[in-house]
Amino acid sequence: MKSTHISHIIKLVFQLVIGIGLLSCQRKEVDNYSSASFPFDTITNIPNNNQLTAERIALGKKLFFDKNLSSNQSISCASCHLPEKAFTDGTALASIGVSGKTLDRNAPPLFNLIFQNDFFWDGGKATLESQVFGPLRNADEMNANIDSVVNYLIQDTEYSKLFQKAYKNQPNASFLAKAIATYERSLMSFNSKYDRVKRGKDHFSPNELSGEKIFNNKCKSCHTPPLFTDMKFHNNGLDTTFGSYFDNPLNGRYRVSGNIEDLGKYKTPSLRNLAYTSPYMHDGRLEKITDVLDHYDMVKKSESLDTLLTFGIELTEKNKADLIAFLNTLNDENFVNEN
Amino acid sequence: MKNSFKMKTLKTLSNKMKTLKYLYISLLAITAIACKKEDEETAPSNDNDNAGSVNIMVQNAMNDGNNEMSDLLLYKQYTNVNGDFLTFSKFKYYISNLQLINEEGDTIDIEESYHLIEVDSTSASKTISLSNIPSGNYSGAIYSIGIDSEANLDESIVEGDLDPSSDMTWNWQVGYKFFNMEGTYSTDETTDGAFIYHLGKNENYRTLFLDFPKSLVISEDQISPAMVHIMADINKLFGEVNVIDADVYNTVKVGPADQVADMVENYEQGFFSVHHIDN
């Protein structure tokens, strides 16, 4: 970010502070944008030693797009998390990693992560800082040797300067992870038509309204607004059998929690930005939203199938069309264009 | 005229969207700064003259092929409590959050206290060198097996022997394995079995007390560091409470839950004892 943006931020902050009187430790609702549109007061998980600053976001962004972090200098985080696809890659299971091996999980979209406390489809990583090391080091992804990466950053005068500005430190593994985590925290998506409607700046069409009613009836308990995820883990009936050994990737959250009730459970994804994040599910097996709605006609049974889905989700063809109209109001064009 | 108005409106709208985004990020930043707690205070460093050093040597031992206590080295054969033969290709574990207790009952924290105890094919011991320890007489220590939850939930905390790029981190879980033991085994039933024991997770972190048989004296006048020689009796990991039968317990990682619990129950009794102290 250039200095013009920083002075822009300072100007805004000043207006914000005067207008709303924010200088207190209470995270108050922002009056112009009703709390129904975003739960900012639920953010509690920004580490004290890694608060958001413009410098840290800029550094994290540079790292996120830097292919030199991978062992073959060809893969960056952005290779599988493309901004124009809400940070997914349009692929079910990628195989562009250094080893060429096909991965076990679909690349999840990156937005509104600041509200989350469990990362990866099975929720293994508790902080964004910790999550960074996973794909960075994985031989099937970026295959990075962290010491080599740190060396590369230290040798680079631009990076050295940026780390000094951001963290008053020379580059190291800890600040590398912190910077990328900070950039990821800055990715926020809440400017879809749905959000504008909730702020009183727009109106749903009749089909969208009808879709919202259906949504509230049949989907809301797991895909809870405004994040459109409850951030919990569910078995939504994709499979009847799972892996034969304990930590088989097919076992979902069980391999993380060790709790047999978690067999086949995955984190509820957000329904925002579906237009950009196909294909769907933890392994990208469903290509279109219609495929997803059809899946819910006949969920597969297993011990840990979510009780709310025992009978699937009954939707007529008209229901499905209206629901899709409503889901389309959750697409945030600004988000995919801005990053 | 109309077109330029449209362009202006669109530009304003796009700027407004950018503004919104920066607004919210600033909102976070400003409330974060306003609420900024003190950065973790570093423990007051005792850079004065009233301090000395101590080496803590942890020697790992287990019953060998002849059932006699022997240094635990990689690629040699040992016998577990169940009578199974084990050969380790990897043997390491974390202890952390060391504190020394002086004769007044005060506890002294040790900074950067994350220590990886590991053996290789020639050495069964790891020496932890501590300096800047306040002079005094110490009667015991508090130590923990594994990594505390704060460091275990944030891999960007890189202190002591914590290394997020090592094989002690989990691939799918956050944090560290507390024990990483791998190798081969043989029993009456199995001639070439393989074992993997990767034990970790916050709920399995244990804090224990270690009594010193005599006072550990640390003084600024000491000619060389004092020494606490600790014996780590690895037989206990395999049978202090629950007998670990290699044919049954050979792949113990995040699960199966009952096997993890059994092995934790063994190590939570403690397997350290002070062999001797050199002042």
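Our subject is the structure that appears above.
Note that the structure is a prediction, hence the values are computed from the model and not measured.

**Notes on the nonpolar core**
- Within the largest apolar cluster, 67 residues are counted, with the highest numbers of intra-cluster contacts made by Phe 88, Tyr 93, Phe 179, Leu 216, Phe 238, Phe 271 and Phe 272 of chain B.
- The element best represented in this core is strand S4 (residues 85-102) of chain B, accounting for eight residues.
- If we ignore the near neighbours within four places in the chain, the residues touching Phe 272 of chain B are Val 58, Tyr 93, Ile 95, Tyr 143, Leu 210, Ile 230, Met 231 and Ala 232 of chain B.
- Residues Ile 57, Phe 133, Leu 176 and Met 188 of chain A belong to the second largest nonpolar core, which totals 51 residues.

**Focus on the side chain of Lys 265 of chain A**
Residues and elements named next belong to chain A.
- Structurally, Lys 265 can be placed in the loop between helix H9 (254-257) and strand S2 (266-267).
- Looking at Lys 265, its side chain comes within polar contact range of the main-chain oxygen of Glu 261, at 3.3 Å.
- Apart from residues no more than four positions distant in its own chain, Lys 265 is found in contact with Phe 233, His 234, Asn 235, Asn 251, Gly 252, Arg 253 and Ser 304.

**Points about the pattern of salt bridges**
- Inspection of every chain in the model, using the stated rule, returns 20 salt bridges over all chains.
- The salt bridge involving Arg 196 of chain A is made with Asp 202 of chain A; its shortest N-O contact spans 3.7 Å.
- The exposure class of Arg 196 of chain A is partly exposed, given its relative accessible area of 25%.
- For Lys 92 of chain B, the salt bridge is made with Asp 167 of chain B, and the minimal N-O distance between the two is 2.9 Å. Pair noted here: Lys 92 of chain B is in strand S4 and Asp 167 of chain B is in the loop between helix H2 (149-152) and strand S9 (177-186), with a separation of 75 residues, a long-range link.
- When its relative accessible area of 12% is taken as the criterion, Lys 92 of chain B is described as buried.
- Sharing partners across several salt bridges, the network here consists of Asp 294, Asp 297, Glu 317 and Lys 320 of chain A.

Reading the values: rules and limits
- Each chain carries its own residue numbering, running from 1 in the direction its sequence is written.
- Chains carry letters and ligands carry numbers; both start at the beginning, A for chains and 1 for ligands, and go up in the order they are written.
- Per-residue local features are limited, in this predicted model, to residues with pLDDT of at least 70; the limit for side-chain atom pairs, both in listing and counting, is 80 or more; totals at the level of whole chains, interfaces and linings are taken over all residues.
- To obtain the side-chain values, all non-hydrogen atoms of the structure were used and water was disregarded.
- Within this scheme, the nonpolar core is defined by two criteria: the residues are buried Ala, Val, Leu, Ile, Met, Phe, Trp, Tyr or Cys, and they are joined through side-chain atoms within 4.5 Å.
- Note on classification: 1.4 Å probe, protein chains only; a residue is buried when its accessible area is under 20% of the maximum for its type, exposed when over 50%, partly exposed between these limits.
- The helix and strand labels rest on DSSP assignments: H or I over at least four residues marks a helix, E over at least two residues marks a strand, and numbering proceeds from the N terminus.
- Residues count as neighbours in contact if any of their non-hydrogen atoms are within 4.5 Å of one another.
- Two N or O atoms form a polar contact when they lie within 3.5 Å of each other; inside protein one atom must be a possible hydrogen donor and the other a possible acceptor, and for residues adjacent in sequence the pair counts only when both atoms belong to side chains.
- When a carboxyl oxygen of Asp or Glu is within 4 Å of a side-chain nitrogen of Lys or Arg, the pair counts as a salt bridge.

These figures capture arrangement, not role.
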